[in-house]
Amino acid sequence: MNTSNYPLTLLYDGNCPICNLEMDDLWARNSAGLLRFVDITAPGFDPTPYKATIAKMNALIHAQRPDGSLVIGVEVFRLVYALLARNRYIASRIAMLLITWIAARRAIKRSKACASGRCEINIERNGSCGAAATC
């Protein structure tokens, strides 16, 4: 693993349900803290430090290495999943209680949402419910 790539800052579209689902999953498995998450749709987001426009970030996922260089498109996912793949068993052992707790919490949220007829659920990384959920 090339340590100059981490921590890797993922720049994602927080208004996109698919993007949120993926970032939620990555956030839950980020026990080593090697990934950072920045919602480009958050109020006050400034794309200037990332040397890309919001339009470009919306067209292809972007990430920023610690040295400030950008990674664009599929290469972002290669870096993210190479990191997780190489460390998945160690990370799983270290975080087993947390993983179990998160999985149980998500299952409870899904079952409550589905029981009320709202099966689309988006749990934000800060633990609050997203726009698609009733909590």
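Notes on the structure in this doc start here. Bear in mind the structure is a predicted one, so any value in this text is a computation, not a measurement. (Residues numbered from 1 in each chain as written. Predicted model: local features only at pLDDT ≥ 70, side-chain atom pairs only at ≥ 80, totals over all residues. Heavy atoms only, no water.)

### A short note on the overall build of the protein
At step 1: For the protein, the helix and strand inventory stands at four helices and four strands.
At step 2: The linear arrangement of helices and strands in the protein, starting from the amino end, is β-α-β-α-β-β-α-α.
At step 3: Within the span of the protein, comprising 135 residues, buried residues form 33% of the whole.
At step 4: In the protein, of all internal contacts separated by at least 6 residues, the share reaching a separation of at least 24 is 55%.
At step 5: Summing over all exposed atoms, the protein offers an accessible surface of approximately 8300 Å²; the carbon and sulfur share of this is 61%. (Helix = DSSP H or I, 4+ residues; strand = E, 2+ residues; numbered from the N terminus. Buried < 20%, exposed > 50% of the residue type's maximum accessible area, 1.4 Å probe, protein only. Contact = heavy atoms within 4.5 Å. Areas by Shrake-Rupley, 256 points an atom, 1.4 Å probe, with all protein chains shown as cover.)

### What to know about the nonpolar core
At step 1: Grouped together as the largest cluster of nonpolar side chains are 13 residues, with contacts concentrated most on Leu8, Leu10, Val76 and Val80.
At step 2: Discounting residues that sit within four places of it in the chain, Val76 has contacts with Leu8, Leu10, Ile61, His62, Ala63 and Val71.
At step 3: Within the second largest apolar cluster, seven residues are counted, among which are Phe45, Tyr50, Ala52 and Met57. (Core = buried A, V, L, I, M, F, W, Y, C linked by side-chain atoms within 4.5 Å.)

### A word on the sheet that holds strand E4 (residues 70-72)
At step 1: Overall, mixed pairing links the four strands, which are arranged E2-E1-E3-E4 in an open sheet. Each edge of the sheet is formed by a strand with only one pairing partner; in this case those strands are strand E2 (35-39) and E4. Each strand axis lies, on average, 25 degrees off the axis of its neighbour in the sheet, ignoring direction.
At step 2: By the bridge criterion, five bridges tie strand E1 (residues 8-12) to E2 in an arrangement that is parallel. The partner of Tyr12 across the bridge, within E2, is Asp39. (Pairing = 2+ DSSP bridges. Axes fitted to C-alpha atoms, helices over the stretch in contact; angles between N-to-C directions.)

### A look at unusual backbone geometry
Trans is the common state for peptide bonds, and a negative phi is the common state for residues other than glycine.
At step 1: Of the consecutive residues Tyr6 and Pro7, the connecting peptide bond is found in the cis state with omega at 5 degrees.
At step 2: Looking at where Pro7 falls in the secondary structure, it is placed in the segment before E1.
At step 3: The backbone phi angle of Lys51 is positive, close to 55 degrees, even though this residue is not glycine.
At step 4: Of note, Lys51 is situated in the loop between E2 and helix H2 (54-59).

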